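# Structure at a glance
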Amino acid sequence: MKQSVEVDPVDVRLGARLAALRAERGWSLGEVAERSGVSKSTLSRAERAEISPTAALLNRLCGVYGRTMSQLLSEVESEPALLVRAAEQQVWADRASGFVRRSVSPPHPGLRGELVEGRLAAGADIAYDRPPVPGLEQHLWVLEGELEVTAQDAQHHLEAGDCLRLRVWGPTRFRCTGTGEARYVLAVVLP
C-alpha cells in the first residue's frame, strides 16, 4: 500500500512563483539551470512542488532572480502586512540541513531592511555559494548557542550576545558548532 505524502502549501505556492519568475523572463529550465548551477530536473521538481527546496537551492535562485530569500518568500504570501503577529510570521524549514527560518518583519517594496530569525540544529552546516543580491548588508546577532560564520575568507566564531556586521559579496557558510541549537537574528538590508 502506497503512503500519501502531504505536500506543504508553502512549497506549492513557492514552486508556482519560481515557475512564474522563469516565465516572466522567457527562460527555459535549461537557461535557469545554467545561470544557477542547479540541474533542470531539480528545478522542475521544485516548480511542481515535488520537492521542498533547500536553503542553498533557494539562495541560488534568489541570485538568478535578483531577490533576497525573504522577498521571494513574501511573494508567496497572500497579502503583505504592516504588522505580523508572532503566530502569523512565516516559518520555513530546510529539513535536510536542520535550518529553520522565521520572517519576523515582512519585506516591503518601499523598505530596504528586514528581520529574520534563524535556528540551526546542533551540527547543522549551510553553505551559500553567493549572496542573493551582491553587496547585501547583514547584521547577525546570536541569541543562543554558538555559530561559526565564514565570509570573505574570514571565519568568525560567535556566541550568545555577539553581533557580526558585514556586506556579503561572495560565498558564506553558517555552522552550528555548539552542542545545542543556535538561534540568531539576522537584519538584512538591500544595497
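Each remark here, short or long, concerns the structure printed above.
As a further point, take the pattern of salt bridges. Taken as a whole, this structure holds 12 salt bridges when the rule is applied. One salt bridge in this structure joins E50 and R45, with 3.6 Å as the shortest N-O distance. Of the residues examined, R45 reaches a relative accessible area of 38% and is grouped as partly exposed. Two residues, E148 and R175, come together in a salt bridge whose shortest N-O distance is 2.9 Å. Of this pair, E148 sits in strand 6 (residues 146-151) while R175 is found in strand 9 (residues 172-176), placing the two residues 27 residues apart along the sequence. A relative accessible area of 26% means that R175 is categorised as partly exposed. One salt-bridge network, in which partners are shared between bridges, spans R102, E117, E144 and R183.

Not every positive phi belongs to a glycine, and Q152 is a case in point at roughly 50 degrees. Structurally, Q152 can be placed in the loop between strand 6 and strand 7 (154-159). Even without glycine at this site, D153 takes up a positive phi of about 60 degrees. One can find D153 in the loop between strand 6 and strand 7. Classification of D153 as exposed rests on a relative accessible area of 82%.

Attention shifts here to empty space enclosed by the protein. Inspection of every chain in the model, using the stated rule, returns 2 cavities of 30 Å³ or more. Reported here for the largest cavity is a volume of approximately 310 Å³. Forming the walls of the largest cavity are 22 residues, and the residues nearest its centre are N59, M69, Y128, Q138 and L186. Residues of the lining of the largest cavity, tallied by class, amount to 13 nonpolar, 6 polar and 3 charged. Roughly 40 Å³ of internal volume is contained in the second largest cavity.

Membership of the largest hydrophobic core comes to 46 residues, with the highest contact counts inside it found for L120, L140 and L147. Those residues in contact with L147, other than ones at most four positions away along the chain, are L120, L140, V142, H156, H157, L158, F174, R175, C176, T177, A182 and Y184.

Moving on: helix 1 (residues 9-25). An ideal rise of 1.5 Å per residue puts 24 Å on 17 residues; helix 1 measures up with 25 Å between its terminal C-alpha atoms. By the burial criterion, the buried members of helix 1 are V10, D11, L14, G15, R17, L18, L21 and R22. One side of helix 1 carries all its buried residues, which in axial view fall inside an arc of 165 degrees. Facing away from the buried side of helix 1, by more than 90 degrees, are the exposed residues A23 and E24.

On to the side chain of S97, then. Within the secondary structure layout, S97 lies in the loop between strand 1 (91-94) and strand 2 (99-103). Look at S97 and you get buried, because its relative accessible area is 19%. When residues no more than four places from it in sequence are discounted, the contact partners of S97 are A124 and I126.

In space, the 4 strands of this open sheet follow the order 4-9-6-7, with antiparallel pairing throughout. Whereas interior strands pair on both sides, the edge strands pair on one side only; in this sheet they are strand 4 (125-128) and strand 7. Averaged over all adjacent pairs, the angle separating strand axes in this sheet is 15 degrees, with direction ignored.

What counts as what
- Residues numbered from 1 in each chain as written.
- Predicted model: local features only at pLDDT ≥ 70, side-chain atom pairs only at ≥ 80, totals over all residues.
- Heavy atoms only, no water.
- Salt bridge = Lys/Arg side-chain N within 4 Å of Asp/Glu carboxyl O.
- Buried < 20%, exposed > 50% of the residue type's maximum accessible area, 1.4 Å probe, protein only.
- Helix = DSSP H or I, 4+ residues; strand = E, 2+ residues; numbered from the N terminus.
- 1 Å grid on protein atoms, 1.4 Å probe; cavity = no way out; pocket = protein on both sides within 12 Å on 5 of 7 lines; lining within 4 Å.
- Points joined across faces, edges and corners; volume = space filled by probe spheres on them.
- Nonpolar A, V, L, I, M, F, W, Y, C, P; charged D, E, K, R; others polar.
- Core = buried A, V, L, I, M, F, W, Y, C linked by side-chain atoms within 4.5 Å.
- Contact = heavy atoms within 4.5 Å.
- Expected span 1.5 Å × (residues − 1).
- Arc of directions from axis to C-beta.
- Pairing = 2+ DSSP bridges.
- Axes fitted to C-alpha atoms, helices over the stretch in contact; angles between N-to-C directions.

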